[in-house]
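If you want the building blocks of each chain, they are given just below.
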Amino acid sequence: MDTSQFRAHLLRWYDQSQRRLPWRGETDPYRILVSEIMLQQTRVAVVEARYSAFLQQFPTVERLARAREASVLAAWSGLGYYRRARSLHAAAKEGARAGGFPKSSAALMELPGIGRYTAAALASIAFGEPTAVVDGNVKRVLDRVIGRPLSEPNYWETAQALLDQGRPGDFNQAMMELGAVVCLPGQPLCRECPVAGLCATRGPGEKKSEKPRKKAALNYLLFEKDGCVFLQQRPAESPLMPGMWELPLRTGPGAMKDRKPLLTLKHSITVTDFVVNVFTGGKKVPRQGRWVAVKSANRLPLTGLTRKILQRLGLRRF
């Protein structure tokens, strides 16, 4: 493959066709870091809606570093994978103490929650370091361009060999953009691909088998009075969403099976698809928890599911 042609075609396409996203064109490493952490395991459309609001609340790394964890989690609520928010908060504290973020990917990897991909993205986009990124989109592009799946080390080596040394940040974003909007998982849009003439594959290629998703049900209770709802905090030692606030959860076999729910919805968490039922709580309020005014509930770090439930019930606006 002619790597110089690959770079030229890809960058020309990116300059002309890139999506307009709130973080595109940013040079502030803090803002780039926020976008990269948000984009991990979250759809672009969801991040678009939350990125600007988060930065409005925490416009600088110093402001985020000074914030309480509960405030950060509350602002993150609905983005999921809350460990990312805690890591971002911790990284901001270190960055603020040091007077800024380090400029090399190797040094960035020493910060909490920043792995090889995020460090390379931040270093290349913010500081122009000629280091390649590899994420799911880049892997798919490389598989098709090379014509076979690569090993993990080979993905990084191949991406580095293709990298445009003069425009590393743009090239990395172009590779991810190509995988996100053209070189799609199911049916790639080969006719729209700027590097189709240099690609070893046409069409979808061999389909990888996916593990079946788990199915489960959740039953929540809604207690209301005087403009307040009753919420409980998840245990600090919980492996999933520790310290977050939610409606009381009713557990046990056959729980609430004879009652009609106020609301039924679907919700996915990691590898499980849930059917969620919300029932009127009745008179017996749990001992653990507290009443929270609906109008100030957004000050608490609510789980994304709780946000969704309250929104669907018309109890608060987002």
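Basis of the calculations
Residues numbered from 1 in each chain as written. Predicted model: local features only at pLDDT ≥ 70, side-chain atom pairs only at ≥ 80, totals over all residues. Heavy atoms only, no water. Buried < 20%, exposed > 50% of the residue type's maximum accessible area, 1.4 Å probe, protein only. Helix = DSSP H or I, 4+ residues; strand = E, 2+ residues; numbered from the N terminus. Pairing = 2+ DSSP bridges. Salt bridge = Lys/Arg side-chain N within 4 Å of Asp/Glu carboxyl O. Expected span 1.5 Å × (residues − 1). Bend = angle between axes of the 7 residues up to and from the residue. Contact = heavy atoms within 4.5 Å. Axes fitted to C-alpha atoms, helices over the stretch in contact; angles between N-to-C directions. Parallel < 35°, antiparallel > 145°, perpendicular 65-115°, else oblique. Left-handed = near helix turned anticlockwise from the far one by under 90°. Nonpolar A, V, L, I, M, F, W, Y, C, P; charged D, E, K, R; others polar. Core = buried A, V, L, I, M, F, W, Y, C linked by side-chain atoms within 4.5 Å. Polar contact = N/O pair within 3.5 Å; in protein donor to acceptor, adjacent residues only side chain to side chain. Phe/Tyr/Trp six-rings, centres within 6.5 Å; stacked < 30°, edge-to-face > 60°.

1. Remarks on the pairing of strand β6 (residues 263–269)
Here is step 1: Side chains Leu263, Leu265, His267 and Ile269 of β6 all project onto a buried face; the interleaved residues Thr264, Lys266 and Ser268 project onto a face where none is buried.
Here is step 2: In this structure, β6 lies alongside strand β7 (residues 272–280), joined through seven bridges in antiparallel fashion. Each bridged residue has a counterpart across the sheet, and for threonine 264 the counterpart in β7 is asparagine 277.
Here is step 3: The hairpin turn running from β6 into β7, its antiparallel successor, is two residues long, and threonine 270 in that turn takes a positive phi close to 50°.

2. Let's talk about the pattern of salt bridges
Here is step 1: The final tally for this structure, using the stated rule, is 10 salt bridges.
Here is step 2: Among the salt bridges present, the one from glutamate 152 reaches lysine 139, with a minimum N-O distance of 2.8 Å. Of the two residues, glutamate 152 is situated in helix α10 (residues 152–162) and lysine 139 in helix α9 (residues 136–146); the sequence distance between them amounts to 13 residues.
Here is step 3: Residue glutamate 152 is classed as partly exposed on the basis of its relative accessible area of 41%.
Here is step 4: Taking the relative accessible area as the measure of exposure, lysine 139 reaches 25% and is therefore partly exposed.

3. A short note on helix α3 (residues 44–57)
Here is step 1: Taking 1.5 Å of rise per residue, 14 residues should cover 20 Å, and α3 covers 20 Å from first to last C-alpha, within 8% of that figure.
Here is step 2: At arginine 50, α3 is deflected by roughly 30°, the largest bend along its length.
Here is step 3: Those residues of α3 lying buried are Val47, Arg50, Tyr51, Phe54 and Leu55.
Here is step 4: Summarising the contacts, the buried residues of α3 are in contact with α2 (29–39), α4 (61–66), α5 (69–76), α6 (83–98) and α12 (304–312).

4. As for the sheet that holds strand β5 (residues 249–250)
Here is step 1: Spatially, four strands are ordered β5-β1-β7-β6 in an open sheet, and the strand pairing comes out mixed. Looking at which strands have only one partner, the edges of the open sheet turn out to be β5 and β6.
Here is step 2: In the sheet, strand β1 (residues 214–222) pairs with β5 via two bridges, with the strands oriented antiparallel. In the sheet register, tyrosine 220 faces β5, and the bridge partner there is leucine 249.
Here is step 3: Against the sheet, α12 makes contact with β1, β6 and β7, and its axis sits at roughly 155° relative to β6, the strand it touches most.

5. Comments concerning the packing of α3 against α5
Here is step 1: Relative to each other, α3 and α5 sit at 155°, their axes nearing to 10 Å. Here α3 lies roughly antiparallel to α5, going by the angle between them. Between α3 and α5 lies a crossing of right-handed hand. On α5, the residues touching Arg50, Phe54 and Gln57 of α3 are Ser71, Val72, Ala75 and Trp76.
Here is step 2: Looking at the contact of α3 with α5 residue by residue, the classes come out as four nonpolar, two polar and one charged.

6. Observations regarding the nonpolar core
Here is step 1: In terms of nonpolar packing, the biggest core is built from 59 residues, with Tyr30, Phe54, Trp76 and Ile309 touching the most fellow members.
Here is step 2: A total of six residues in this core trace back to one element, the largest contributor, which is α2.

7. Quick word on the pairing of strand β3 (residues 228–233)
Here is step 1: One ladder, built from two bridges, connects strand β2 (residues 224–225) with β3; its direction is antiparallel. Of the residues in β3, the one forming a bridge with lysine 225 is cysteine 228.
Here is step 2: The turn joining β2 and β3, which pair antiparallel and follow one another in sequence, is formed by two residues; a positive phi near 50° is taken by aspartate 226.
Here is step 3: Relative to strand β8 (residues 290–293), β3 runs antiparallel, the two sharing four bridges. Counterpart to phenylalanine 230 in the pairing with β8 is tryptophan 291.
Here is step 4: Here two bridges tie β3 to strand β4 (residues 245–246), and the two strands are oriented antiparallel to one another. Note that in β4 the partner of glutamine 232 across the bridge is glutamate 246.

8. Quick word on the environment of serine 105
Here is step 1: One can find serine 105 in helix α7 (residues 105–108).
Here is step 2: Residue serine 105 is classed as buried on the basis of its relative accessible area of 14%.
Here is step 3: Apart from residues lying up to four places away in sequence, serine 105 is in contact with Ala119, Ala120, Ala123, Glu129 and Thr131.
Here is step 4: Looking at serine 105, its side chain comes within polar contact range of the side chain of glutamate 129, at 2.6 Å.

9. Some details on the packing of aromatic side chains
Here is step 1: Considering all chains together, one arrives at six aromatic pairs under this definition.
Here is step 2: Their ring planes at 55° and their centres at 6.4 Å tell us that phenylalanine 6 and phenylalanine 171 sit as a pair that is tilted. With a gap of 165 residues between them, phenylalanine 6 in helix α1 (residues 3–17) and phenylalanine 171 in helix α11 (residues 168–181) connect regions that are remote in the sequence.
Here is step 3: Exposure remark for phenylalanine 6: the relative accessible area of 1% places this residue in the buried category.
Here is step 4: The exposure class of phenylalanine 171 is buried, given its relative accessible area of 1%.

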